[in-house]
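Close look at the chain arrangement
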Amino acid sequence: MTATPAPQGHPRAASIERATGTGFATWVTRLDEAGGRELDHAAIAGMLVDRWGVGEWWAQSLTVAYEQHIGRRVVGQSREGDFGASASRAVDGGMDQVREQWHRFMTAPRRQELGLGEGRLTDSQKWRYWRADVEDGSKLSVNVTAKPGRAGDTGSPPRSTLAIEHKGIESAQARDAWKGAWRAVLTDFTTWTKENRDR
């Protein structure tokens, strides 16, 4: 049987201590003594707020860290039990241009290879989105926003950040596979945009 890792070894331990003023090991002891191992996520988070006055956001973050520590979920697993993968790349061009390039890049054969449905385009004031369902039931959102220029640099051409958010992945192994796939896709997209910039 694998020993439970020490609380201070958790990747969020330092930030939890800074935010709450209490070390993660102390939180683990408190929650264990309060029966946290038998409580669900909402009950643990609610107890942190009600009994110890932890803010709502940090109560959620601390609950996730505690659940990871006791083996209820692994690092990277969402509250619902699934996983997410993300990747991003800075790309030349404004938001609309970059989103249009991505839409053209995601041809039917490429979407079929990745198991993606038809892309759906939506906008907000600061973002451009390209979303698609995935055949395994997970969800994909490609989010494009303007990348700020350097202070005082008004002559540079616009750049944008294209970020892939893939949620609802069923296992850590599938998440790792998707992360690798999306990194490769972004590399291909960067090459494609350079080759097709004037088309």
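Some points on helix 5 (residues 95-105)
Listed as buried for helix 5 are Met-95, Val-98, Arg-99, Gln-101, Trp-102 and Phe-105. The buried side chains of helix 5 occupy one side of the element, clustering within an arc of 155° when seen end-on.

Some thoughts on the pattern of salt bridges
Under the counting rule described, the total for this entry stands at seven salt bridges. Across the pair Arg-120 and Asp-133 runs a salt bridge whose closest N-O atoms are separated by 3.7 Å. In this pair, Arg-120 is assigned in strand 2 (residues 120-123) and Asp-133 in strand 3 (residues 128-133), connecting sequence segments 13 residues apart. For Lys-139, the salt bridge goes to Asp-133, with nearest N and O atoms at 3.1 Å.

Considerations on the pairing of strand 2
Across four bridges, the pairing between strand 2 and strand 3 is antiparallel. From the neighbouring strand, Arg-120 faces strand 3, where its bridge partner is Arg-131. Between the end of strand 2 and the start of strand 3, which pair antiparallel, lie four residues.

Considerations on the packing of aromatic side chains
Using the criterion set out here, one finds nine aromatic pairs in the structure. Look at Trp-27 and Trp-52: their rings are 5.7 Å apart centre to centre, the planes differ by 80°, and that puts the pair in the edge-to-face class. A residue pair is termed long-range when its members are at least 10 positions apart, and Trp-27 in helix 2 (residues 24-33) and Trp-52 in helix 3 (residues 41-52) qualify at 25 residues. Classification of Trp-52 by relative accessible area gives partly exposed; the value is 26%. Ring geometry for Trp-102 against Phe-105: centres 5.6 Å apart, planes inclined by 45°, an arrangement best described as tilted. Separated by three residues within a single helix, Trp-102 and Phe-105 lie in helix 5, roughly one turn from each other. Judged on exposure class, the residue Trp-102 and its partner Phe-105 are both buried. Taken together, the ring pairs connect Trp-102, Phe-105, Trp-130, Phe-189 and Trp-192 into an aromatic cluster. The side chain of Arg-30 reaches across the aromatic face of Trp-27, ending 4.7 Å from its centre. One residue, Arg-131, lies across the ring of Tyr-129, its end atom 4.2 Å from the ring centre.

Some thoughts on the environment of Ala-13
One can find Ala-13 in helix 1 (residues 13-20). Classification of Ala-13 as buried rests on a relative accessible area of 9%.

Brief notes about the nonpolar core
Formed by 27 residues in total, the largest nonpolar core has its most connected members in Trp-102, Met-106, Leu-116, Leu-162 and Trp-182. Among the secondary structure elements, those contributing two or more residues to this core are strand 1 (83-92), helix 5, strand 3, strand 4 (139-147), strand 5 (159-169) and helix 7 (172-195). Looking at which element gives the most residues to this core, the answer is helix 7, with seven residues. Setting aside anything within four residues of it in sequence, one finds Trp-182 in contact with Ala-87, Met-106, Leu-114, Leu-116, Leu-140, Ile-164 and His-166. Formed by 16 residues, the second largest nonpolar core is a distinct cluster that contains Ile-44, Met-47, Ala-59 and Ala-65.

Things to note about the sheet that holds strand 1
Read across the open sheet, the five strands follow the order 1-5-4-3-2; overall the sheet is antiparallel. At either margin of the open sheet sits one strand with a lone partner, and together these are strand 1 and strand 2. Across the sheet, the axes of successive neighbouring strands diverge by a mean angle of 20°, strand direction being ignored. Judged from the six bridges that link them, strand 3 and strand 4 form a sheet pairing that is antiparallel. Bridge pairing in strand 4 links Asp-133 to Lys-139. Sheet strands touched by helix 7: strand 1, strand 4 and strand 5. Its angle to strand 1, the strand with the most contacts, is close to 10°.

Rules used throughout
Residues numbered from 1 in each chain as written. Predicted model: local features only at pLDDT ≥ 70, side-chain atom pairs only at ≥ 80, totals over all residues. Heavy atoms only, no water. Buried < 20%, exposed > 50% of the residue type's maximum accessible area, 1.4 Å probe, protein only. Helix = DSSP H or I, 4+ residues; strand = E, 2+ residues; numbered from the N terminus. Arc of directions from axis to C-beta. Salt bridge = Lys/Arg side-chain N within 4 Å of Asp/Glu carboxyl O. Pairing = 2+ DSSP bridges. Phe/Tyr/Trp six-rings, centres within 6.5 Å; stacked < 30°, edge-to-face > 60°. Lys NZ or Arg CZ within 6 Å of the ring centre and 35° of its normal. Core = buried A, V, L, I, M, F, W, Y, C linked by side-chain atoms within 4.5 Å. Contact = heavy atoms within 4.5 Å. Axes fitted to C-alpha atoms, helices over the stretch in contact; angles between N-to-C directions.

Take it as geometry only, folks, not as evidence of what the structure does.
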